Amino acid sequence: MGDDIMSWLLSFFFHASLVGLIGYQGKITVFKNRNQDLSLQEEFRLMCLADLEFDYMNPYDSSSQINKVILPEFIIQGVLCFIHLATGHWFMFLFSLPYLYYNVRLYMRGKHLLDVTEIFNQLNWAKQLRIFKLVYVILLLVTSIFWMIWSITEAYD
């Protein structure tokens, strides 16, 4: 039972790192008060794309910063799927398999990196893609936390 808790804890840390990597790639304002000085602002920073959109960053810097974290994101997702498969967590493996398939398909087609010359044409699609990935990984993270808590309560029963 201790191995099960450790695998869920490892899964939690991998999912949290994926949220950080994806959140680094853009900016979404979830809640914002009218008063800027005392606003309760929660944002995930898909900063590079938002900075590019508002012309705070040039296209080369933005695409190079995003491209630096794409392969680590793919590798972490692949390792996470393997961990779920090896530990027998079939539901989580099947739940994270479509995301892994999509990443592998992008990599095999060579469309996983942002092109500097086409970044403005792909800006809305790239932001929507990262928002979808962020929501999907947060769902995986919440599910992982649920199963970790479930394993801890079963260990003490």
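Note that the structure is predicted; figures quoted are calculated from it, not measured.

1. Considering the environment of Asp-4
Right, so step 1: Residue placement: Asp-4 occurs in helix α1 (residues 2–23).
Right, so step 2: Under the relative-accessibility criterion, Asp-4 is labelled partly exposed at 24%.
Right, so step 3: Remark: the alpha-carbon pair of Asp-4 and His-89, spanning 85 residues in sequence, is separated by 9.3 Å.
Right, so step 4: Among residues more than four places away in sequence, those in contact with Asp-4 are His-89 and Ser-151.
Right, so step 5: At a separation of 2.7 Å, a polar atom in the side chain of Asp-4 contacts the side chain of His-89.

2. Notes on the confidence of the model for the protein
Right, so step 1: The pLDDT averaged across the protein works out to 79; a share of 83% of its residues lies at or above 70.
Right, so step 2: Within the protein, helix α4 (residues 90–109) carries the highest mean pLDDT (93), whereas strand β2 (residues 42–45) carries the lowest (33).
Right, so step 3: pLDDT under 50 marks residues 26–45. Its contacts with residues more than four places away, or in other chains, come to 37 contacts.

3. Some thoughts on the environment of Leu-114
Right, so step 1: Secondary-structure assignment places Leu-114 in the loop between α4 and α5 (123–155).
Right, so step 2: According to the relative accessible area criterion, Leu-114 is buried, its value standing at 9%.
Right, so step 3: A sequence separation of 54 residues divides Leu-114 from Tyr-60, and the C-alpha atoms of the two residues are 9.8 Å apart.
Right, so step 4: If we skip the residues at most four places from it in the chain, Leu-114 touches Leu-49, Ser-63, Ile-66, Asn-67, Ile-119, Gln-122, Ala-126 and Arg-130.

4. Details of the layout of surface pockets
Right, so step 1: In this structure, the largest pocket spans a volume of roughly 170 Å³.
Right, so step 2: Forming the boundary of the largest pocket are 14 residues, of which Lys-111, His-112, Leu-113, Leu-114 and Trp-125 lie nearest the centre.
Right, so step 3: Sorting the residues of the lining of the largest pocket by element identifies α3 (59–87) and α5 as the ones contributing at least two each.
Right, so step 4: The leading source of residues in the lining of the largest pocket is α5, at four residues.

5. Observations regarding the side chain of Ser-11
Right, so step 1: Mapping Ser-11 onto the fold places it in helix α1.
Right, so step 2: Assessed through its relative accessible area of 0%, Ser-11 is described here as buried.
Right, so step 3: There is a polar contact of 3.1 Å between the side chain of Ser-11 and the side chain of Ser-144.
Right, so step 4: Apart from the residues within four sequence positions on either side, Ser-11 is in contact with Leu-80, His-84 and Ser-144.

6. Describing the packing of aromatic side chains
Right, so step 1: Applying the stated criterion to the full structure yields nine aromatic pairs.
Right, so step 2: Between the aromatic rings of Phe-95 and Tyr-136, the centroid separation amounts to 5.6 Å while the plane-to-plane angle is 45°, which identifies the pairing as tilted. One end of the pair, Phe-95, is in helix α4; the other, Tyr-136, is in helix α5, and 41 residues separate them in sequence.
Right, so step 3: Both rings, one in Phe-132 and one in Tyr-136, keep their centres 6.3 Å apart while their planes meet at 20°; by these two values the pair is stacked. Taken together, the positions of Phe-132 and Tyr-136, both in helix α5 and four residues apart, correspond to about one turn of that helix.
Right, so step 4: Relative accessible area serves as the criterion here: at 14%, Tyr-136 is assigned to the buried category.

Calculation rules
- Residues numbered from 1 in each chain as written.
- Predicted model: local features only at pLDDT ≥ 70, side-chain atom pairs only at ≥ 80, totals over all residues.
- Heavy atoms only, no water.
- Helix = DSSP H or I, 4+ residues; strand = E, 2+ residues; numbered from the N terminus.
- Buried < 20%, exposed > 50% of the residue type's maximum accessible area, 1.4 Å probe, protein only.
- Contact = heavy atoms within 4.5 Å.
- Polar contact = N/O pair within 3.5 Å; in protein donor to acceptor, adjacent residues only side chain to side chain.
- pLDDT = per-residue confidence, 0-100.
- 1 Å grid on protein atoms, 1.4 Å probe; cavity = no way out; pocket = protein on both sides within 12 Å on 5 of 7 lines; lining within 4 Å.
- Points joined across faces, edges and corners; volume = space filled by probe spheres on them.
- Phe/Tyr/Trp six-rings, centres within 6.5 Å; stacked < 30°, edge-to-face > 60°.

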